[in-house]
Structures are given as structure tokens and as C-alpha cells.
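Report on the structure
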There are 2 protein chains.
Amino acid sequence: MSRLTLALDVMGGDIGPRITIPAVLIALEKNPNLSLLLFGDKQQIDPLVCQFPKSLTSRLTIHHCHRIIENEHKLAYALRHSKGTSMRLALESVQSGMAQGCVSAGNTAALMGLAKILLQPLNNIHRPALVSVLPSVQGGKSVMLDLGANIDCDKDTLYQFAVMGAIFAENSLNLVYPRIALLNIGSEDIKGYKSIRETAELLQKNSRLNYIGFVEGNLLLNNVADVIVSDGFVGNVALKTLEGAAKNMMLLLKGDSSPSMFKPLLDYAKKCLFKQSYQRLQTINPDQYNGASLLGLRAVVVKSHGSANTLAFANAIASAAQQVQQNMPQKILTGLEQYL
Amino acid sequence: MSRLTLALDVMGGDIGPRITIPAVLIALEKNPNLSLLLFGDKQQIDPLVCQFPKSLTSRLTIHHCHRIIENEHKLAYALRHSKGTSMRLALESVQSGMAQGCVSAGNTAALMGLAKILLQPLNNIHRPALVSVLPSVQGGKSVMLDLGANIDCDKDTLYQFAVMGAIFAENSLNLVYPRIALLNIGSEDIKGYKSIRETAELLQKNSRLNYIGFVEGNLLLNNVADVIVSDGFVGNVALKTLEGAAKNMMLLLKGDSSPSMFKPLLDYAKKCLFKQSYQRLQTINPDQYNGASLLGLRAVVVKSHGSANTLAFANAIASAAQQVQQNMPQKILTGLEQYL
């Protein structure tokens, strides 16, 4: 086994192997230390992989399976019928030590459920949380959690999210003493859910944590904090609202160009004139930030967006690889003891 | 007293009279039935009003007061020290019947608190809710509530929000049998807060309501429902996240143009080429949708965004005028009896 091996559920996502396998190529080319175990339908994988350079295929192992967990499957059904599916086999390879981390673009609830069962939370972790990196228009980055793993959260759970988020930010964003904020609907102490106000009190008491107060939804893309903490319901609504707004605005900007003999010329002119604008917009391109990590488990698990394109899925693989190289689970464990 | 009189707190908002008074001009010009009572500092109001055409000033009455509720004031303090402020006097004029509705861009918590005390909720209303119209990229509109008036909401409160929202949508968007959805983090029945799942059950049972299920944050701008219901915490986070994303994306698009002798030419070319795009973006311009209404009170109260520009504040006045003309409080009362 190589030093850095990831297990991929290549069947997950809206498209499956036609997105995930080209992403594998990018990931292998970018990281020469990376080996990958691919779990999925060999008949679909082989024709795509056979086009890879020989030098890369030596770092690939294909584990054939024909069963998958559908996106439409509800959690209980998905768990009951998970035996032999690409997602479960990928996680089991992490459980057995064949791989150190897993990436899937499949059913989110099933991935979180199976990961918790097979890989187990770290000692003293109440509940693992989904964390992701958010871009900022000013150029910095923030991490945000929980993005949907836990609906109702009490103050102790939110407090632990803040600590896990701080450790994640220190390592993934290379920060010292990251600024922690709670997502709320105003800046006053009396605002928001009781659990949030109670968490604020807990955070204020711990001087080893750099708690800076509440942040509102309109500043999520402005790097006013390095770690943004909320329960999984609010975090999920906020993240999806961000994604929807970005997608819709791009659609409005592009619109339907009316066909014209001047169209190629006009398109070229637009491209030149708006090059800078587009480049700036790329700084908040969700593809660059694809991959939510399930934090608080004994191994690395990254959930890619179901609608991820090749570049986005490659970024999710790179994110998992980075976390394995940084030994994120151990960092979380050590950090928890230090901060709590 | 004229048939349609609104009371304006002209001191509210980030700028105050220099925004609100020019908006008054637009509102009076657009609606010949409208009379306005202006509450605020005469010294600041007079120089702006004296530029109005005589024909319009006859529909204006200025009520001088020098006290205001600051944005920074917390609710309890604001309420205790509200006597004689522009906001309270405006609301008192509605209470006494001098005006039929009130518009303010001031302290949101204070406006909601004072409005509830002075104007009282309608019979059987558990809690008034903040509602606003959301644009959609496809051209339709939705209404969304609660946007921040109530943090913790049980199923009966959320159910009542759905009913009030449906009545508001029927009248303000001119719809029949509006589609009602609950904001959630997935489409499955088992998703989300318990209160949301319980509300879904209640809504499903009432065939007079067109309940269509859950909607996620990424579709808020896509008119997949006419009425989007959530508690005030989640609604406020979602709305602010939308606003922040839109604002940040526009900033990224505009960027800082480097000075150049060709700049005017380039700007002109950009404008021409992107005219359609900008026109489409205008369809979701928040200024067009300024003004959240406090629904469930005995009179019309509209909260303008604190950062509203002149056009946006004029739209908030127009929205209040429309609700008074439609007799929205009475419609809500009648509708509640019909639907519940």
C-alpha cells in the first residue's frame, strides 16, 4: 500500500464515471504520491481508464461492483440495502485500512450514515459535521460548518463544531488563531436561537479560541470570519441559497443570445471586455470549492456535489488527499483535547 | 382625511431624509390618491420639500419631531425611550386613525415591537410575520415569510404563516390557489426540523390550501412556489444570504476599472454589449422588491431596507399604499376564518 491511498465511489453523482474517471486522471497527474481504489462498474470504468497513460494506471486499482445507492433512496432504505454497493465498498476499504480516505458524489444522507457506522466518530465527538471552504470576494477563504449533517444542535454540539472548524481552518487554510463566528440574524447578544446565544457564552469564556461574535448571511462571502458555525439546517439552507443565487445570476448574465451573423464577433468582444470580470467571478466559482468534509470521524470522508463537473470532482479528491496528508483526524483529536 | 393616507418615519435608514424625501416625491407623483404624513426633523425636511411642485405639497403634512430611534439601540432600550420619536409618532398616527399604514427604514426590531404594541395583532393571530416579495429569474414572483419577526416557531405558527402568505400572494401577486412550500434541506418527508415536518402534515390535510411540499435554498429565485414558509431565523438567514450573494457578484462583475484614455469608450461598449444582461439582472434587483410587510396586524406596516436608495424607498411606500387599497388586514382576517 502506498503512503496515500484514497477510495473513490466512482458511480456517485448525477453523471457517474464519465465525470469521476476523467477527474481521476487530473488527480493522479497533479499528485504523484496519490494512489486510488476505484469502486464501480468495470464495464463503464475500463473504456475510460484505458485511455490513461500507463505511468498513471499503475497507481489505480479497479474494484468491480454493479450495485449502487441511488440518489432517490431514503436513508433507512439506503442503509439496509447498502451491502455490495460502490459507496459502502469504498468506505469498507477505509475501514479495513486499504485506503486512508474516501470520496463520493453519491447520496449525501447515505454517505454520512454509512461513514458514521463504518468509520466511527473520534473519541468525545458528539456528532461529526459537514464542513466546506467558502470563497470570499476579497480573496480570502472561510470554512463553514455544519452544512447538513445535524439538524438540531445544542450548545455543546455547536461549541464542538467551532473547535473542529478552527482546527480545520488552521490546517486547510494555514491560519493561526482563526476568527470564529456564529451565523445569526443580528449582532446583538439577544438575537437568535437560544442554542446560539448559549454557544456564544461558552466560546467567549475560552481565550484559546478567537471568538469574534455573530455574522449575518449577507457577509458569508466577505471573509469577516475564518470559521462560520451554525446548525446543519441553517448551514445547509445558507449554502444552497448561495449556490442558487450564484447559478441564477450567471444564467441571467449569459441569457439566450439571439442568433446573428455577428454573434461570434460579439461573443469575442464580450469575452475581451469582460475578461477581468469573469476572472474575478472565478474566484467564487463553486467548482473550486467542491467537496464537503465529514469532520470528526476516524478517517477522511469527502462528499462531492452531485452535480460536480470533472474539475470539481478532481478538487474533491485533492481536498481528501490534503486532509490525509495533514492527518486531519489526528489533528482534530489532539486539538479537541487542547481546546476543550 | 383623504382615502389613502400613509405615515412615514422619514428619519429611518442609513441616510434619512436625503433618501426618504426624494422618494416621497416619486410616490406622490405615481399615486394621485396618496396623502402622506411625514414624521421627522422639520429643519432637514423643509429644504427638500420646498423644491416639490405646489400641486404635490398639498398632499403632504409635516409633523416635526427631533427624537429618533437609533439603529444601534437594542429593542428593550428602544421601546423604553420611544416616546416622541419619528417612528413611534408615525405608528401612533396609524393607531389614532390619522393614517392607514406606516413605512419606516429604521430599527427593525423596534418597528416590529412598537407596531405589535400600538397596532395589535388581528384576532386569532399567534404572531405577526415579516413577508416580502422575491423576484425570480424566470420572471414570476414569490412571497416569503417569516423573514425575522419570530425565531422559534411551532407547527401552528408556521401553518398560520402559510395561510397568511397565501392570502398575501393572492392579493399582491394576483394569484388564485397559490402554491405553498416549506423551506427545508431536502425533499424527503423525514428531512428538517420537527416543526417543519409537523407543519407539512397540517398543510397536506387542508385541501383549500395548495401545499406542494418542500423547497430548498437553491431554488428561492426560481418561482417553484408562490409562498415560501420558514421560521424567522432561517428566513432571515436565507434572505440576507441572497442579498449578500447578489451584491457581491455585482461587485465582482464591476470590479475596479483601471484608468485609461479608452475607458469611456470601453464603458460604452460594455454597456451596449451587456445591455440585455443588465436588463435581465434588473429583474432581480433588490430595489424593486424593497419593503417587508409586517403581516397579521390591524393596520399596514412596511419595513424598508435600511440601505434603501430613493427608488427602493419609493417602492416600499407604493407597497404599503397597495396593501391599504387592497385592505390587506381585513383580507387576512377574512381569509384566516375561511382557511382555518
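As recorded in an unreviewed UniProt entry, chain A goes by Phosphate acyltransferase and comes from [Haemophilus] felis. The UniProt entry for chain A carries the following comment under Catalytic activity (unreviewed entry): "a fatty acyl-[ACP] + phosphate = an acyl phosphate + holo-[ACP]". Of chain A, the UniProt comment under Pathway (unreviewed entry) reads exactly: "Lipid metabolism; phospholipid metabolism."

Summing up its helical and strand segments, chain A has 13 helices and 11 strands in all. The proportion of buried residues among the 340 residues of chain A is 58%. Surface exposure of chain A reaches about 14400 Å², of which carbon and sulfur atoms provide 53%.

Another point: the domain arrangement of chain A. Residues and elements named next belong to chain A. As assigned here, chain A comprises domain 1 (1-125 + 296-339) and domain 2 (133-256). The C-alpha-based centres of domain 1 and domain 2 are spaced at 26 Å. With 16 residues of domain 1 in contact, the opposing surface of domain 2 contributes 15 residues. Carbon and sulfur atoms make up 60% of the area that domain 1 and domain 2 hide from each other, which totals about 1400 Å². Three residues stand out in domain 1 for area buried against domain 2, namely Met328, Ile332 and Tyr339, and they jointly supply 43% of the buried area on that side. Taken together, the connections running from domain 1 to domain 2 amount to zero salt bridges. The interface formed by domain 1 and domain 2 contains seven residue pairs in polar contact (both at pLDDT 80 or more). At the level of secondary structure, the elements contributing two or more residues to the side of domain 1 that touches domain 2 comprise helix H6 (108-119), helix H12 (310-325) and helix H13 (328-339). Sorting elements by how many residues they give to the side of domain 1 that touches domain 2 places H13 first, with seven residues. A breakdown of the residues in the side of domain 1 that touches domain 2 according to their chemical character gives six nonpolar, eight polar and two charged.

Here the focus is the pairing of strand S4 (residues 101-104) of chain B. Residues and elements named next belong to chain B. Side chains Gly101 and Val103 project from S4 onto one buried face, and the interleaved Cys102 and Ser104 project onto a second face that is buried too. Summarising the sheet, strand S1 (residues 4-9) and S4 pair through four bridges and their orientation is parallel. When the sheet's bridge partners are listed, Asp9 is paired in S4 with Ser104. Strand direction decides the pairing type here: S4 and strand S11 (residues 300-303), joined by four bridges, are parallel. Across the sheet, Ser104 pairs through a bridge with Lys303, a residue of S11.

Below, the discussion takes up the state of the cysteines. According to the stated counting rule, one finds zero disulfides over all chains in the structure shown. B:Cys65 takes part in no disulfide bond, and the closest cysteine sulfur to it belongs to B:Cys102, at a distance of 12 Å.

All names here are of chain B. Strand order in the open sheet formed by 11 strands is S3-S2-S1-S4-S11-S10-S5-S6-S9-S7-S8, and the pairing between neighbours is mixed. With one partner strand each, in any of the chains shown, strand S3 (60-64) and strand S8 (210-215) form the two edges of the open sheet. Sheet twist, expressed as the average angle between the axes of neighbouring strands with direction ignored, equals 25 degrees. Where strand S2 (residues 34-40) lies against S3, five bridges are found, and the strand directions are parallel. Directly across from Gly40, in S3, lies its bridge partner His64. Helix H5 (residues 86-95) rests against S1, S2, S4 and S11 of the sheet, and its axis sits at about 160 degrees to S1. This element, helix H12 (residues 310-325), spans S1, S2, S4, strand S10 (292-295) and S11 of the sheet and lies at about 140 degrees to S1.

This next bit is on the packing of aromatic side chains. If you walk through the whole model with that rule in mind, you get three aromatic pairs over all chains. Arranged with centres 6.5 Å apart and planes meeting at 90 degrees, the rings of A:Tyr193 and B:Tyr193 form a pair that is edge-to-face. Taken together, the residues span two chains, with A:Tyr193 in the loop between strand S7 (179-183) and helix H8 (194-205) and B:Tyr193 in the loop between strand S7 (179-183) and helix H8 (194-205). A relative accessible area of 7% means that A:Tyr193 is categorised as buried. The rings of A:Tyr193, A:Phe233, B:Tyr193 and B:Phe233 are connected pair by pair, giving a single aromatic cluster.

Right, let's get into helix H1 (residues 17-30) of chain B. Given a rise of 1.5 Å per residue, 14 residues ought to cover 20 Å, and the 19 Å separating the end C-alpha atoms of H1(B) matches this to within 8%. Buried residues along H1(B) sit against S1, S2, helix H2 (42-49), helix H3 (54-57), S3 and H12 of chain B.

Attention now moves to the nonpolar core. Grouped together as the largest cluster of nonpolar side chains are 159 residues, with contacts concentrated most on A:Leu91 and B:Leu91. Apart from residues lying up to four places away in sequence, B:Leu91 is in contact with B:Cys102, B:Leu111, B:Leu114, B:Ala115, B:Leu118, B:Leu119 and B:Val301.

Here we take up empty space enclosed by the protein. Counted under the stated rule, the structure contains six cavities of 30 Å³ or more. If you add up the space inside the largest cavity, you get close to 60 Å³. If you trace the largest cavity, you find it lined by A:Leu158, A:Leu182, A:Leu183, A:Tyr193, A:Ser195, A:Ile196, A:Val229, A:Ser230, A:Asp231, A:Val234 and B:Phe233. Of all the elements in the fold, those that place two or more residues in the lining of the largest cavity are S7 and H8 of chain A. Of the residues contributing to the lining of the largest cavity, the split by class is eight nonpolar, two polar and one charged.

All names here are of chain B. Throughout the structure, instances matching the rule amount to 10 salt bridges over all chains. Ionic pairing is found between Asp46 and Lys42, a salt bridge with its closest N-O pair at 3.3 Å. With Asp46 and Lys42 both in helix H2 and four residues apart, the pair spans about one turn of that helix. Residue Asp46 is classed as partly exposed on the basis of its relative accessible area of 31%. Between Arg179 and Asp226 there is a salt bridge whose closest N-O contact spans 2.9 Å. Of this pair, Arg179 sits in strand S7 while Asp226 sits in the loop between S8 and strand S9 (227-229); the two residues are 47 residues apart in sequence, bridging distant segments of the chain. Of the residues examined, Arg179 reaches a relative accessible area of 26% and is grouped as partly exposed.

What counts and what doesn't
- Residues numbered from 1 in each chain as written.
- Chains lettered and ligands numbered in written order.
- Predicted model: local features only at pLDDT ≥ 70, side-chain atom pairs only at ≥ 80, totals over all residues.
- Heavy atoms only, no water.
- UniProt positions renumbered as here; feature names shortened; annotations may be inferred.
- Helix = DSSP H or I, 4+ residues; strand = E, 2+ residues; numbered from the N terminus.
- Buried < 20%, exposed > 50% of the residue type's maximum accessible area, 1.4 Å probe, protein only.
- Areas by Shrake-Rupley, 256 points an atom, 1.4 Å probe, with all protein chains shown as cover.
- Domains from an automatic or database assignment.
- Contact = heavy atoms within 4.5 Å.
- Buried area = accessible area lost by both parts, 1.4 Å probe.
- Salt bridge = Lys/Arg side-chain N within 4 Å of Asp/Glu carboxyl O.
- Polar contact = N/O pair within 3.5 Å; in protein donor to acceptor, adjacent residues only side chain to side chain.
- Nonpolar A, V, L, I, M, F, W, Y, C, P; charged D, E, K, R; others polar.
- Pairing = 2+ DSSP bridges.
- Disulfide = S-S within 2.5 Å.
- Axes fitted to C-alpha atoms, helices over the stretch in contact; angles between N-to-C directions.
- Phe/Tyr/Trp six-rings, centres within 6.5 Å; stacked < 30°, edge-to-face > 60°.
- Expected span 1.5 Å × (residues − 1).
- Core = buried A, V, L, I, M, F, W, Y, C linked by side-chain atoms within 4.5 Å.
- 1 Å grid on protein atoms, 1.4 Å probe; cavity = no way out; pocket = protein on both sides within 12 Å on 5 of 7 lines; lining within 4 Å.
- Points joined across faces, edges and corners; volume = space filled by probe spheres on them.

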